[in-house]
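Spelled out from the first residue to the last, the chains are:
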Amino acid sequence: MSEWLRRGILAGTWPVGDRLPTEQQLVRSTGYSLNTVRRGVDDLVADGLVERRQGAGTFVMLQRRSGPRGRVNIGVMLPGTSQYFPTVLQGVSEALTQAGASLQLASYAYRPEREDDCIERLLAAEVDGLLLVPTLAGLTDPGHRVRQLGRLPVPVVMLERSLPELGPADRSEYVCSDHEGGAYDAVQHLHRLGHRRIALLLRDQSATRFGVHAGHRRAASDLDLPTLPVLRADADQWRRTRAEGVLDALLAQHATAALVFGDSEATLLLNAARRRGIAVPEELALVSYDDETADIADVPLTAVSPPKHRIGRMAAEILLQRLAEGAECPLHQVRLRPELVVRESCGAALDSGPLHLEISEHS
């Protein structure tokens, strides 16, 4: 029982600061007896991994460095531990485990005001370096935030965050998906299938949307495609009752294909089209962006798939290299091109097996 709980904490099921399920909830979810569950939690309390707070519950604690001082301790701060980042975290964990390094995990639950507290707690755990996914979108001066992180007392490598608008003035270290390239490849693919009116539907409040928009715009320009207004919607607008309205806006553009960010939005649009009697892909071709759940849609979605696992692994390896080499280590600013996974929703896979475009890397 205690080992099962330890694995859940390491995997981010219960990040630092989160409350564990109650003992009765653990009994119901695991099938173990109450005494077994209680002994398992007692083991974690004895090890200092969790603490019981009277009247509040049992909470996950940060672990200070244990064992020999020579073992590297890496802090990881994520916005959340569901959708997208678990795969990134898996890559980080594999690289650190292989190097014999330990990992401290914190999540700010998509609440930017909690970021600094997470960082302070990781530093209090005596981490040697930080892998961070900070909030940059929506800030008045995101460059100031990046410079602020660069002044932390340990090396920092950002995951899936960068500021290309800073150009050569950017001295931050990062590993990111080339979202612009991924969107560009999606539009090129739809164009090769005969589409010219290719719409773009974006999710508001996401850092990824900027790169996706730029890639769609560049591909449309290079291919001399008609310029269609970009459709944007927040989470509430993508609910089932509003998906028809988004579909109406799409059809008003006389689009025959669309790049949709992300999977859940593309699935809602797909279902709205089918309720309207619009066949996918015969009358409307769809490409999703993210590839988290694209393969389980009623019509499996062709999707742009960022290399999440590779991003986590490479970022951890770069941070370890910097810790080993210090100032002699060159500055890494890495973008990995996503893969286009072709399924049924664009029409290309109806008569053939899945097509995969190769991942390209450049730094």
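Above this text you will find the structure in question.
These remarks concern the structure in this document. (Residues numbered from 1 in each chain as written. Predicted model: local features only at pLDDT ≥ 70, side-chain atom pairs only at ≥ 80, totals over all residues. Heavy atoms only, no water.)

### Concerning the overall build of the protein chain
And then number 1: Helix and strand counts for the protein chain stand at eleven helices and 15 strands.
And then number 2: Taken over the C-alpha trace, the protein chain has a radius of gyration of 23 Å; the compact-globule value for 363 residues is 21 Å, and the two agree within 12%.
And then number 3: Along the three orthogonal principal directions, the C-alpha set of the protein chain runs to about 65 × 55 × 40 Å.
And then number 4: Among the 363 residues that make up the protein chain, the fraction classed as buried is 49%.
And then number 5: When contacts within the protein chain are restricted to residue pairs at least 6 apart in sequence, long-range pairs at least 24 apart make up 71% of them.
And then number 6: Accessible surface, the protein chain: about 17,200 Å² in total, of which carbon and sulfur atoms supply 48%. (Helix = DSSP H or I, 4+ residues; strand = E, 2+ residues; numbered from the N terminus. Rg over C-alpha atoms; globule rule 2.2 N^0.38 Å. Buried < 20%, exposed > 50% of the residue type's maximum accessible area, 1.4 Å probe, protein only. Contact = heavy atoms within 4.5 Å. Areas by Shrake-Rupley, 256 points an atom, 1.4 Å probe, with all protein chains shown as cover.)

### Some points on the packing of aromatic side chains
And then number 1: Following the criterion strictly, the structure yields two aromatic pairs and no others.
And then number 2: Plain terms: the ring middles of Phe261 and Tyr289 are 6.0 Å apart, the flat faces sit at 85 degrees to each other, and that makes the pair edge-to-face. Here Phe261 is found in strand 10 (residues 257–261), whereas its partner Tyr289 is found in strand 11 (residues 285–289), with 28 residues between them in sequence. No difference in accessibility class separates Phe261 from Tyr289, as the two residues are buried.
And then number 3: Lying across the ring of Tyr84, Lys308 places its NZ or CZ 5.2 Å from the centre. (Phe/Tyr/Trp six-rings, centres within 6.5 Å; stacked < 30°, edge-to-face > 60°. Lys NZ or Arg CZ within 6 Å of the ring centre and 35° of its normal.)

### Section: unusual backbone geometry
And then number 1: For the bond running from Phe261 to Gly262, omega is 5 degrees, close enough to zero to count as cis.
And then number 2: Among the secondary structure elements, Gly262 is positioned in the loop between strand 10 and helix 10 (263–275).
And then number 3: In the segment running from Val280 into Pro281, the intervening peptide bond is cis, with an omega of 15 degrees.
And then number 4: Within the element layout of this structure, Pro281 appears in the loop between helix 10 and strand 11.
And then number 5: Its identity is not glycine, yet Tyr84 carries a phi of approximately 75 degrees, on the positive side.
And then number 6: Considering the arrangement of structural elements, one finds Tyr84 in the loop between strand 3 (73–78) and helix 4 (85–98).

### Things to note about the pairing of strand 11
And then number 1: Counting buried residues along strand 11, five of its five residues qualify, which places the element largely inside the surrounding structure.
And then number 2: Where burial is concerned, the two faces of strand 11 agree: the one with Ala285, Val287 and Tyr289 and the one with Leu286 and Ser288 are both buried.
And then number 3: Regarding topology, helix 10 serves as the crossover connection from strand 10 to the parallel strand 11, and that connection is right-handed.
And then number 4: Taken together, the three bridges between strand 11 and strand 12 (residues 302–305) define a ladder with parallel strand orientation. Paired with Ser288 across the two strands is Ala303, which belongs to strand 12. (Right-handed = clockwise from strand over helix to strand, strands pointing away. Pairing = 2+ DSSP bridges.)

### Regarding the pairing of strand 6 (residues 156–159)
And then number 1: Going residue by residue along strand 6, you find Val156 and Met158 tucked away on one face and Val157 and Leu159 tucked away on the opposite face as well.
And then number 2: As defined by bridge partners, strand 5 (residues 129–132) adjoins strand 6 across three bridges and the pair is classed as parallel. Residue pairing for strand 6: Leu130 is matched across the bridge by Val156.
And then number 3: Tracing the backbone out of strand 5, into helix 6 (residues 142–150) and back to the parallel element strand 6 gives a crossover that is right-handed.
And then number 4: Pairing analysis gives two bridges linking strand 6 to strand 7 (residues 174–177), with the strands arranged parallel. From the neighbouring strand, Leu159 faces strand 7, where its bridge partner is Val175.

### As for the nonpolar core
And then number 1: Counting 27 residues, the largest nonpolar core has Val76, Leu96, Leu131 and Val175 as the members making the most contacts within it.
And then number 2: Listed by contribution, the elements that provide at least two residues to this core are strand 3, helix 4, strand 4 (102–107), strand 6, helix 11 (308–325) and strand 13 (333–336).
And then number 3: Per-element accounting of this core gives the leading share, seven residues, to helix 11.
And then number 4: Non-local contacts of Leu131, meaning those with residues more than four positions away in its chain, are made with Ile74, Gly75, Val76, Met77, Val92, Val157, Leu159, Ala315, Ala316 and Leu319.
And then number 5: Counting 25 residues, the second-largest nonpolar core is a separate cluster that includes Ala199, Ala243, Ala258 and Leu301. (Core = buried A, V, L, I, M, F, W, Y, C linked by side-chain atoms within 4.5 Å.)

### A short note on helix 3 (residues 34–46)
And then number 1: With 13 residues, helix 3 extends 18 Å between its outermost C-alpha atoms, agreeing within 8% with the 18 Å of an ideal straight helix rising 1.5 Å per residue.
And then number 2: Of all the positions in helix 3, only Val37, Gly40, Val41 and Leu44 are classed as buried. Considered in projection along helix 3, the buried side chains sweep an arc of 95 degrees and stay on one side of the axis. Residues of helix 3 that are exposed and point over 90 degrees away from its buried face: Arg39 and Ala46.
And then number 3: Remark: Gly48 follows helix 3 within two positions and exhibits a positive phi of approximately 75 degrees. (Expected span 1.5 Å × (residues − 1). Arc of directions from axis to C-beta.)

### With respect to the pattern of salt bridges
And then number 1: Scanning the entire structure with this criterion turns up 21 salt bridges.
And then number 2: Of the charged contacts in the structure, one is a salt bridge between Asp117 and Arg121, with a shortest N-O distance of 3.2 Å. Of this pair, Asp117 and Arg121 both sit in helix 5 (residues 115–124), four residues apart, which is roughly one turn of the helix.
And then number 3: We classify Asp117 as partly exposed; its relative accessible area is 39%.
And then number 4: Arg337 is the salt-bridge partner of Asp185, the closest N and O atoms lying 2.9 Å from each other. Residue Asp185 is located in helix 7 (residues 179–192), and its partner Arg337 is located in the loop between strand 13 and strand 14 (339–341); the two are separated by 152 residues in the primary sequence.
And then number 5: The structure contains a network of salt bridges with shared partners spanning Glu23, Arg38, Asp42 and Arg52. (Salt bridge = Lys/Arg side-chain N within 4 Å of Asp/Glu carboxyl O.)

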